[in-house]
Amino acid sequence: MQFDPFVIPFNIGLYFILIYAVTRSVIWFRELSRPDKLRLQRGFFGKAFGQSLMEIFLESLIHRKILKKNLRIGYMHMSLAFGWFLLILFGTLEVDIFGASHLNAPYKAIFFKFFNPDHGQTPFEAGYSFLMDLILAFILSGLLLAIIKRFSSKAVGMKKTTRLKTLDKVALTSLWLIFPSRLIAESLTSGAYGTGSFLTGTLGSWLASFLSANEVAYPFWWLYSLSLGTFFVLLPLTRYLHIPTELFLIFMRNSGISTGDKTGAFSEVEVHSCSSCGICIDQCQLSFSAGINNIQSAYLMKAIRNNADTYDIAHNCLLCGRCDRACPVGIELSPIRMIQRRAGESETKYTNTWKGYFRNKHSVSVQKQNTKSIYDFLPESNPDKADILYFAGCMTHLTPSIKIAMTRIMNASGLKWSFIDEKGGVCCGRPLMLAGQDKEARELINFNSQIIWKTGAHTLVTSCPICYKVFKESYYLDVEVLHHTQFIKNCIDEDLVKMNFIHKKVTYHSPCELGRNSGIYDEPREVLKHVANLETTGFEDENSLCCGGSLGNIILSQAKKRQIATDVAAELTKKNPDYLATACPLCKKTLAPVTKSRVADISEIVAEAIVLPVIKKNTERYKKPVRESAGIA
Amino acid sequence: MYKFGFSLTKARVINYESNDRSIVDFILEREPSLNLCIECGGCSATCTTGNYTNFSLREIHILLKRGENEQVRDKIKQCMLCGKCSLVCPRGVNTRNVVFLAKQAFQKFTGHAV
Amino acid sequence: MPDMIGNVVVVGGGTAGMEAAGQLAKAGLSVTLIEKENDLGGHLKEWYHLFPDRRPGDEVLNYLKNQIIHDNIKLLTGNSVGGFQKKGNDFILNTSNGEVIKADAVLLTTGFDLFKSERKEEYGYGIYDNVISSADLEMMFREKELRLKNGEKPGKIGIVHCVGSRDEKVGNIYCSKLCCVTAVKQAIELKETLRDCKVFCFYMDMRMGGALYEEMYRDAQEKYGIGFIRGKVSEVGINISNKLIIKVEDTLAGRPLKMELDMLVLMAGMEMSAGGTKLAEAGKLKTGENRFFAPADNHLGSNQSNIKGLFYAGTCTAPMNVTETISHARGAVADIINYLKNNEK
């Protein structure tokens, strides 16, 4: 009977974590809403299932996304995850092939060398031992990187690494002990019996030359088992819970479940899937430009898990979306942050439902019971009828050159348009939503919707990407919503406005709300290329930087905003362009004071390029809605 | 018998000694830039809400600083958080955060949500 | 008194530079006065009348031009200095014309640049007609052409204080000191030129900290009926009749104010000159947070730099008016003479 007391810690740990992981998954499954439950069930069949398995292989094991971003960190994660997976897989096969019987207890695979010390004589056995040693070496190389990273993150190409709490450090230590202790235990046993392959054999024979290998080996087998057991038992209390949780997340996500507006099982699974890898910190401009290092998404996830007060962390974020894009686990970081902001405002505030190992559901109900209307001072409106509306937005009133440029462009197009907030309008509502005050925002949304509906227009053009996003997503309007760069692109395509080519060098700063948060990259770029020489900056499209002026950050001081803006402007004007173009009045207002280069909105550059027609236009043709004439359904 | 000396109507006087400045203290602890405000009125001038109703952020700042909280309580929620005030302030006061914190402070200290 | 031996280079031919050059020459020193423009006089050429007594700026300019007619002064106009080196007690300067000048002492009087009002986009300078800067208005007074873009005479004129000063948003948190008194002076001049016009000053504070300034303020109110409204103008727009409309809160009344204006004058602040900044970087001269040259000692060494033998005078150290500039220049001359005497020993 192959058994020894030292395997007990490992067994306890392994069975504990397996049962725990399954139980927790079942609990989470039961908390899904009914539609989500159906989605998940469907996700275990067909294409979604294959996708999930593929993603688990490529991301959870190989860590392809991280490899693409940072080779050293990617290799480190890959070697530990994939390496350990291979070790378990081939170890299980090993005991299956070479062991006494099939279907063995797990400990027999893990501690194979202990129970089969003579193994490795025949060529096949030797080959297999070589494979196992190779995998172990693979893991150990990554482990070395991990140790280096803990002491010097710059050496592995990251600006900063996550700070850990005590329990994390204990779990980390036990994790780090696992493979070295396996190496030494296997080596000593191999040394005593004269077996082992290139790693364990070589090390073993050297150690055996001056130690009583077999006796010294035994405590190391105990160490191996204890470190495994400790790690497994501590796993649910630390960030390493992400290992099983991430698998569950992938299946859920590929089944079509998403975060939504409220705390739910999916957002909890996401929060627990965060491995604290620190890539979000690396991407965050608050970190590398403003020196603020305690509010990034990894810390938010941690705070939620630990039931800490998330107010300061949740509100100090530009909501630029750079971390969302970079997260290798694909956690929807910004929506989770928004849920925290809404908590206590328009939604119920939940404390974390897990405390340590156990369930702990404790909610604090909505504190704001006021159902009275807040903005009832807004007057009834009677706007003029128009086909196309232009809504400048609050910020555009502080950058009048944009208003003037758009007026010129709209007039040049010959279309029947109306400037609905010419004398100053009511805020679109998104700044309130960014602060978590959805209910209040809804009042403003209703007010503005009334005005838009009363004009009978079929198209709404706005200069501000913040307004654009809320009009498109939260106003349930029956009009086509366009950002002014899209409108200008339509004008170019439809030949409504003729433009000269200005021979000036231009770089483009893509506004967060327009680019990453609304997905509009092509139109601004095409428009700029049509009128000027557009140059690249290395920060194109999804990789663009945030100017720092964000209304999403409630807390950030003006001085820190300036620091961020200065860095961004310096980066984007490295090639000394004639214009630094942008498509957002807030970006313009933020970047203009911190650079000597001329900062101009795309509409200003286009207005400069307009050729006014010599012959009076036949405007009959343009009475059709822009939608139709531009061929957009 | 004549009563000489300083005698203002109770309703008019800002009684600095007895006024409760816990709200402004709460705000200042978290947003010290409010200390820089010189009441220039730029924020009120540009205010979106100010276009429609008699909401004056400058007035709210001064009332809070003096501890005249009751006059602020119902007004503060009219802010649309649009952010123009912060963009205009010449002293660099983070006015948007001041409003945000004021709302919180009222909730916390008076138990009555605004 | 025997002539002193020594050669001083004065960089910058404005008020401070010319006065210092004249005094140094009279003291017997040999002076090289370098000026980047073709004409001397700096910003003084642009002013119409000077406060507090409204005497013509040209009188002071002529006095200064006479001062520098001296055998000891060598004039180099159309020339600028990009950098310098110090070897022992000698200074070596390179001019843009390629000349190399040796000096025993250097006096920097590079002056100031006026804040460019386009940077305050919300005020509409360069965007709306009839929004002008204080410097533009002085030119209009000099040329006796006080009209709107369409040729008409303005009926209602607004003056905005603190444009480009006391403003964190444009990076200048300091006060330019002179704009308030300039605003009062220009308001008075507007009333004298156009008797029927109405003038309003929009201020955050009224900084009348100089001799006879407060008296001017009183005259402006009492004799000229100029309106003073405490409120920072947040933005400027135009209405259908092309009149300017401003958004401002009358803070003392506690209510928003609505007003139509024909013309708006922006009181542009003073900034460190671009040439001076270049010299500071090239020569590792200390500058303050306000980017002006930092004096060696705020009380006892306001003309001295962090390099022995290199001195400052005038608005390159801080905003100051013509009176203070001339005094400051004379102070620099005293420091230079003492320095050279000590070196001779």
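Residues numbered from 1 in each chain as written. Chains lettered and ligands numbered in written order. Predicted model: local features only at pLDDT ≥ 70, side-chain atom pairs only at ≥ 80, totals over all residues. Heavy atoms only, no water.

Peer 1: Sorry, what's going on with the overall build of chain B here?
Peer 2: Helix and strand counts for chain B come out as six helices and zero strands. Helices and strands appear in chain B in the N-to-C order α-α-α-α-α-α. By residue count, 58% of the 114 residues in chain B fall in the buried class. Looking at chain B alone, contacts between residues at least 24 apart form 66% of all its contacts between residues at least 6 apart. For chain B, the exposed surface amounts to about 5,500 Å²; the carbon and sulfur share of it is 52%. (Helix = DSSP H or I, 4+ residues; strand = E, 2+ residues; numbered from the N terminus. Buried < 20%, exposed > 50% of the residue type's maximum accessible area, 1.4 Å probe, protein only. Contact = heavy atoms within 4.5 Å. Areas by Shrake-Rupley, 256 points an atom, 1.4 Å probe, with all protein chains shown as cover.)

Peer 1: Explain the overall build of chain A here, please?
Peer 2: For chain A, the count of helices and strands is 29 helices and 14 strands. When its C-alpha atoms are laid out on the principal axes, chain A stretches across 100 × 55 × 50 Å. The 633 residues of chain A split such that 58% are buried. Sequence separation of 24 or more characterises 74% of the internal contacts of chain A that already satisfy a separation of 6 or more. Accessible area of chain A: about 26,700 Å², with a carbon and sulfur share of 59%.

Peer 1: Even after reading the chapter, I still don't get the packing of helix α9 (residues 166–193) of chain A against helix α10 (residues 200–208) of chain A, so can you show me in this structure?
Peer 2: Between two packed helices, what matters for the description is the angle formed by their axes and the separation of those axes. Residue and element names in this part refer to chain A. Two elements in contact, α9 and α10, have axes whose closest approach is 7 Å; the angle formed by their N-to-C orientations is 70 degrees. By the angle between their directions, the pair α9 and α10 is classed as roughly perpendicular. α10 is crossed by α9, and the crossing has right-handed handedness. Every residue of α10 that contacts α9 at L183, E186, S187, L188, S190, G191 and A192 is listed here: T200, L203, G204, S205, L207 and A208. (Axes fitted to C-alpha atoms, helices over the stretch in contact; angles between N-to-C directions. Parallel < 35°, antiparallel > 145°, perpendicular 65-115°, else oblique. Left-handed = near helix turned anticlockwise from the far one by under 90°.)

Peer 1: Is there a simple way to think about unusual backbone geometry in this case?
Peer 2: Excluding glycine, a negative phi dihedral is what most residues carry, and trans is how most peptide bonds are arranged. For the peptide bond that leads from F51 of chain C to P52 of chain C, omega is 0 degrees, which places it in the cis range. With respect to the helices, strands and loops of the structure, P52 of chain C is situated in the loop between β3 (49–50) and β4 (55–56). Residues other than glycine seldom take positive phi values, yet N307 of chain A does so here, at roughly 60 degrees. Within the secondary structure, N307 of chain A sits in the loop between α16 (297–305) and α17 (311–315). For N307 of chain A, a relative accessible area of 29% translates into the label partly exposed.

Peer 1: When you look at the interface of chain B and chain A in this model, what are you seeing that I'm missing?
Peer 2: When the parts come together, some accessible area is lost, and that loss is often what is quoted as the size of the interface. The partner chain A presents 33 residues to the 30 residues of chain B that form the contact. Here chain B meets chain A over a buried area of about 2,600 Å², counting both sides, of which 61% is carbon and sulfur. Looking at the side of chain B facing chain A, the largest losses of area belong to Y52, M80 and F100 of chain B, adding up to 25% of the total buried there. Scanning the region where chain B abuts chain A turns up seven residue pairs in polar contact (both at pLDDT 80 or more). Mapped by element, the contributors of at least two residues to the side of chain B that touches chain A are α5 (84–88) and α6 (95–110) of chain B. Partitioned by chemical class, the residues of the side of chain B that touches chain A number twelve nonpolar, 13 polar and five charged. (Buried area = accessible area lost by both parts, 1.4 Å probe. Polar contact = N/O pair within 3.5 Å; in protein donor to acceptor, adjacent residues only side chain to side chain. Nonpolar A, V, L, I, M, F, W, Y, C, P; charged D, E, K, R; others polar.)

Peer 1: Sorry, what's going on with the sheet that holds strand β11 (residues 533–535) of chain A here?
Peer 2: Each strand in a sheet pairs with another by means of backbone hydrogen bonds, the pair being arranged parallel or else antiparallel. All names here are of chain A. In spatial order, the strands read β11-β10-β12-β13; together these four strands make up an open sheet with parallel pairing. The open sheet terminates on both sides in strands that have one partner only, identified here as β11 and β13 (598–601). Across this sheet, the average inter-strand angle for adjacent strands is 40 degrees, counted without regard to direction. Of the pairings in the sheet, the one linking strand β10 (residues 505–509) to strand β12 (residues 579–582) comprises four bridges and is parallel in character. (Pairing = 2+ DSSP bridges.)

Peer 1: Before we go on, may I ask you to explain the nonpolar core in this structure?
Peer 2: One recurring pattern in soluble globular proteins is that nonpolar side chains are buried together. Residues L286, Y390, F471, F487 and I605 of chain A together with I27 and L64 of chain B are the most contacted members of the largest nonpolar core, which totals 169 residues. Counting residues per element, this core draws most heavily on α6 of chain B, which supplies seven residues. In this view, L64 of chain B contacts R21, I23, V24, I27, N69, V72, A102 and F106 of chain B; residues no more than four positions away in its chain are not counted. Within the second largest apolar cluster, 93 residues are counted, among which are A21, I68, L137 and F202 of chain C. (Core = buried A, V, L, I, M, F, W, Y, C linked by side-chain atoms within 4.5 Å.)

Peer 1: Looking at this model, I keep getting lost on the packing of aromatic side chains. Mind explaining?
Peer 2: Given two aromatic rings, one states the distance between the centres and the angle between the planes to describe the pair. As enumerated under the stated definition, the model contains 50 aromatic pairs over all chains in all. Between the aromatic rings of F3 of chain A and Y107 of chain A, the centroid separation amounts to 5.9 Å while the plane-to-plane angle is 85 degrees, which identifies the pairing as edge-to-face. A residue pair is termed long-range when its members are at least 10 positions apart, and F3 of chain A in the segment before α1 (7–31) and Y107 of chain A in helix α6 (residues 106–110) qualify at 104 residues. For Y107 of chain A, a relative accessible area of 6% gives the class buried. R30 of chain B extends its terminal NZ or CZ atom over the ring of F26 of chain B, reaching a point 3.7 Å from the ring centre. (Phe/Tyr/Trp six-rings, centres within 6.5 Å; stacked < 30°, edge-to-face > 60°. Lys NZ or Arg CZ within 6 Å of the ring centre and 35° of its normal.)

Peer 1: How should the pairing of β13 of chain A be read in this particular structure?
Peer 2: Remember that side chains alternate between the two faces of the sheet whenever the strand is regular. Residues and elements named next belong to chain A. As paired elements, β12 and β13 share four bridges and run parallel to each other. Along β13, the bridge assignment pairs L580 with V599. Between the parallel pair β12 and β13, the chain is carried across by helix α27 (residues 585–591), and the sense of this crossover is right-handed. (Right-handed = clockwise from strand over helix to strand, strands pointing away.)

Peer 1: Please clarify how the environment of K423 of chain A should be interpreted in this entry.
Peer 2: All names here are of chain A. Within the secondary structure, K423 sits in the loop between β6 (417–419) and α21 (430–434). On the accessibility criterion, K423 (77% relative accessible area) is exposed. Distance in space between the C-alpha atoms of K423 and I62 is 57 Å, their sequence separation being 361 residues.

Peer 1: What should I look at first to understand the domain arrangement of chain A in this one?
Peer 2: Under the domain assignment used here, chain A contains domain 1 (5–238), domain 2 (258–362) and domain 3 (388–475). The centre of domain 1 of chain A, based on its C-alpha atoms, is set 56 Å off from the matching centre of domain 3 of chain A. (Domains from an automatic or database assignment.)

Peer 1: How should helix α3 (residues 134–142) of chain C be read in this particular structure?
Peer 2: In an α-helix, one full turn covers 3.6 residues, which means residues spaced three or four apart are oriented alike. Three or more residues of α3 of chain C are buried, namely S134, A135, L137, E138, M140 and F141 of chain C. K144 of chain C sits one or two residues past α3 of chain C and shows a positive phi near 55 degrees.

Peer 1: Would you mind going over the environment of E332 of chain A with me for this structure?
Peer 2: Residues and elements named next belong to chain A. Note on placement: E332 falls in the loop between α18 (322–326) and α19 (333–342). With relative accessibility at 28%, the residue E332 sits in the partly exposed group. Distance from E332 to G260, taken between C-alpha atoms, is 9.7 Å for residues 72 residues apart in sequence. For E332, the residues in contact, after removing those within four places along its chain, are S258, T259, F266, E270 and D324.

Peer 1: Can you help me understand the interface of chain C and chain B in this one?
Peer 2: Each side of the interface is counted separately: chain C has 16 residues, and chain B has 20 residues. When the buried surface of chain C facing chain B is broken down by residue, K169, K232 and E249 of chain C rank first, second and third, together holding 34% of it. Taking the shortest distance from any N to any O, the salt bridge between E249 of chain C and R58 of chain B comes out at 2.6 Å. Our enumeration of links across chain C and chain B arrives at 13 residue pairs in polar contact (both at pLDDT 80 or more). For the side of chain C that touches chain B, the element with the highest residue contribution is strand β16 (residues 244–250) of chain C, accounting for three residues. For the side of chain C that touches chain B, a count of residues per class yields two nonpolar, four polar and ten charged. (Salt bridge = Lys/Arg side-chain N within 4 Å of Asp/Glu carboxyl O.)

Peer 1: Can you help me understand the sheet that holds strand β6 (residues 81–87) of chain C in this one?
Peer 2: Residues and elements named next belong to chain C. Read across the sheet, three strands follow the order β6-β7-β8 without closing on themselves; strand pairing throughout is antiparallel. The sheet terminates laterally at β6 and β8 (100–103), the two strands that pair on one side only. Neighbour-to-neighbour, the strand axes of this sheet turn through a mean angle of 25 degrees, independent of strand direction. Sheet analysis places strand β7 (residues 90–95) next to β8, joined by four bridges and oriented antiparallel. Its bridge partner being in β8, N94 is matched across the sheet by V100.

Peer 1: So what exactly am I meant to see when it comes to the packing of helix α3 (residues 46–61) of chain A against helix α5 (residues 71–98) of chain A here?
Peer 2: Residues and elements named next belong to chain A. Following both chains from N to C, one finds α3 and α5 inclined at 130 degrees, their axes separated by 8 Å at the closest point. Compared by their axis directions, α3 and α5 come out oblique. Of the residues in α5, those in contact with F57, S60 and L61 of α3 are M78, A81, F82 and F85. Across the contact of α3 with α5, the residue classes break down as six nonpolar, one polar and no charged.

Peer 1: How should I be thinking about the side chain of K232 of chain C in this particular structure?
Peer 2: With respect to the helices and strands, the residue K232 of chain C is situated in the loop between β14 (227–230) and β15 (235–238). No salt bridge is formed by the buried K232 of chain C; its nearest oppositely charged neighbour, D167 of chain C, is found at 4.6 Å. In this structure the side chain of K232 of chain C is engaged in a polar contact, spanning 3.4 Å, whose partner is the side chain of Y123 of chain C. When residues no more than four places from it in sequence are discounted, the contact partners of K232 of chain C are C40, G41, G42, A45, V88 and P90 of chain B together with Y123, C162, M204, K247 and V248 of chain C. (Lys, Arg positive; Asp, Glu negative; His and termini not counted.)

Peer 1: What is the right way to read the pattern of salt bridges from this model?
Peer 2: Opposite charge on two side chains lets them pair, provided their charged atoms get close. Using the criterion set out here, one finds 45 salt bridges over all chains in the structure. Here E145 of chain C and R147 of chain C are joined by a salt bridge, their closest N and O atoms 3.7 Å apart. A relative accessible area of 42% places E145 of chain C in the partly exposed class. A salt bridge links D205 of chain C to R166 of chain C; the nearest nitrogen and oxygen atoms lie 2.9 Å apart. Of this pair, D205 of chain C sits in the loop between β13 (198–203) and α5 (213–222) while R166 of chain C sits in the loop between β12 (156–163) and α4 (179–193), and the two are 39 residues apart along the sequence. Assessed through its relative accessible area of 26%, D205 of chain C is described here as partly exposed. Sharing partners across several salt bridges, the network here consists of K588, R598, E604 and E608 of chain A together with E121 of chain C.

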